[in-house]
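# Coordinate analysis (summary)
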Amino acid sequence: MKWEGNRQSDNVEDRRSGGGGGGGGFGFGGRSIGVGTIVIALVAWGVFGVNPLTTIGVLSGGGPAPVQQQQGPAQKPPANDARAAFVSTVLASTEDAWGQVFREGGAQYRPPKLVLFRGVTPTACGTGQAAMGPFYCPGDQKVYLDMDFFDTLSRQLGAPGQFAQAYVVAHEVGHHVQTLLGTTQKVDGMRGRISQAQQNALSVRMELQADCYAGIWANKSQQAKNWLEQGDIESAMNAASRIGDDTLQREQTGTVRPDSFTHGSSAQRQRWFATGLKTGSVQACDTFNAQNL
């Protein structure tokens with residue numbers, strides 16, 4: 001992936017030097033979250049999610065997480081930080097790609113902020129923790145990323161390569177697009193009104209759409225920059241496969257329970273990323289009305 005020399009985004013906030021503020025475990029409305037609940041949430045979340053904090057809140061019987069504010073002015077990553085430069089460049093490419101898509105649709109794209117942190121950090125969705133992996137918080141419209149996750153992605157999940165890392169960022173930005181388009185709000189409005197199985201099914205469709213939106217980014221950025229190299233698409237497709245619910249469940253428990261899927265199978269995640277990549281069309285990413293996922 002030939003990313004060097006491309007524009008870097010100004011929408012990156014670096015909280016790594018301060019550790020994000022706060023320590024300890026999760027706290028929601030004064031409720032202590034147990035380790036068992038966190039493990040369940042992580043298994044249900046399956047590595048890439050809208051916000052695993054929502055899962056934890058539901059499991060613990062709590063309401064919406066309180067808004068927490070970051071103290072002090074936002075810091076920019078240091079100029080000599082190559083990994084931060086890579087993330088900033090990928091984020092800039094999502095801004096360019098979605099800016100084009102929104103303009104063509106007669107609207108203006110409002111990009112998210114991307115927060116780099118280590119350990120724990122306050123968010124509008126509650127306390128974020130590095131162990132949860134990257135996530136998007138609709139409450140403050142920010143993507144949260146501890147870049148050590150890229151090592152986990154490569155070594156533990158078997159998905160190496162810079163384009164696999166770029167796919168991670170693009171997937172989370174896809175959740176931001178869903179918030180801008182009102183999809184997140186509609187799905188969240190169904191919470192508590194439908195069964196757990198129905199909630200899982202909606203979550204799958206939402207996650208697959210974010211995968212498809214990541215494919216749209218890949219389509220548009222390649223057209224604009226011609227920066228992909230041999231093996232890059234295969235790298236992203238492998239990442240999509242490695243974080244499929246069936247693959248994760250099989251590796252974690254030895255069994256597969258489709259009714260408990262929240263993100264979709266490996267084949268589904270690959271298919272919808274490929275759909276966005278091939279078509280570059282938001283309309284083609286309508287997973288909610290698709291009969292065959």
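Preceding block: the structure.
Description of the structure in this document. (Residues numbered from 1 in each chain as written. Predicted model: local features only at pLDDT ≥ 70, side-chain atom pairs only at ≥ 80, totals over all residues. Heavy atoms only, no water.)

## Some words on unusual backbone geometry
In most cases, non-glycine residues show a negative phi, while peptide bonds are predominantly trans. Residues other than glycine seldom take positive phi values, yet Gln141 does so here, at roughly 55°. Secondary-structure assignment places Gln141 in the loop between strand 7 (135–137) and strand 8 (142–145). Unusually for a residue other than glycine, Asn226 sits at a positive phi of about 50°. By the element assignment, Asn226 lies in the loop between helix 7 (196–225) and helix 8 (232–242). (Helix = DSSP H or I, 4+ residues; strand = E, 2+ residues; numbered from the N terminus.)

## Focus: the packing of helix 3 (residues 82–104) against helix 7
Direction vectors running N to C along helix 3 and helix 7 enclose 95°, while the axes themselves pass 9 Å from each other. One element, helix 3, and the other, helix 7, form an angle in the roughly perpendicular class. Along its contact with helix 3, which presents Val90, Ser93, Thr94, Asp96, Ala97, Trp98, Gln100, Val101 and Glu104, the element helix 7 presents Tyr213, Ile216, Trp217, Lys220, Ser221 and Lys225. Taken together, the residues of the contact of helix 3 with helix 7 sort by class into seven nonpolar, four polar and four charged. (Axes fitted to C-alpha atoms, helices over the stretch in contact; angles between N-to-C directions. Parallel < 35°, antiparallel > 145°, perpendicular 65-115°, else oblique. Contact = heavy atoms within 4.5 Å. Nonpolar A, V, L, I, M, F, W, Y, C, P; charged D, E, K, R; others polar.)

## Points about the environment of Gln75
Positionally, Gln75 belongs in the loop between helix 2 (52–59) and helix 3. For Gln75, a relative accessible area of 45% puts it in the partly exposed group. Sequence spacing of Gln75 and Val115 is 40 residues, and the spatial spacing of their C-alpha atoms is 9.8 Å. Residues in contact with Gln75, not counting those within four places in the same chain, are Val12, Glu13 and Asp14. (Buried < 20%, exposed > 50% of the residue type's maximum accessible area, 1.4 Å probe, protein only.)

## Thoughts on helix 7
Over its 30 residues, helix 7 extends 43 Å from the first C-alpha to the last, a length consistent with the 44 Å expected when each residue adds 1.5 Å. Directly beyond the C-terminal end of helix 7, a positive phi value near 50° is found at Asn226. (Expected span 1.5 Å × (residues − 1).)

## Topic: the state of the cysteines
Put plainly, a disulfide is one covalent bond tying together the sulfur atoms of two cysteines. In the structure shown here, the tally under the stated rule is two disulfides. A sulfur-sulfur distance of 2.0 Å marks the disulfide that ties Cys125 to Cys137. Taking the torsion about the sulfur-sulfur bond, which here is approximately 95°, the covalent link between Cys125 and Cys137 counts as right-handed. Of this pair, Cys125 sits in the loop between strand 5 (120–123) and strand 6 (126–129) while Cys137 sits in strand 7; the two residues are twelve residues apart in sequence, bridging distant segments of the chain. On the accessibility criterion, Cys137 (0% relative accessible area) is buried. Within the chain, bonded cysteines paired by disulfides and numbered along the sequence follow the pattern 1-2, 3-4. (Disulfide = S-S within 2.5 Å.)

## Some points on the sheet that holds strand 8
Across the sheet, four strands lie side by side as 1-4-8-7; this open sheet has mixed pairing. One side of each edge strand has no neighbouring strand; the edge strands of this open sheet are strand 1 (12–14) and strand 7. On average, each strand axis in the sheet is tilted by 25° relative to the strand beside it, whichever way the strands run. Where strand 7 lies against strand 8, three bridges are found, and the strand directions are antiparallel. By the bridge assignment, Tyr136 is partnered in strand 8 with Val143. Running over the sheet, helix 3 touches strand 1, strand 4 (113–116) and strand 8 and is turned about 165° from strand 4. (Pairing = 2+ DSSP bridges.)

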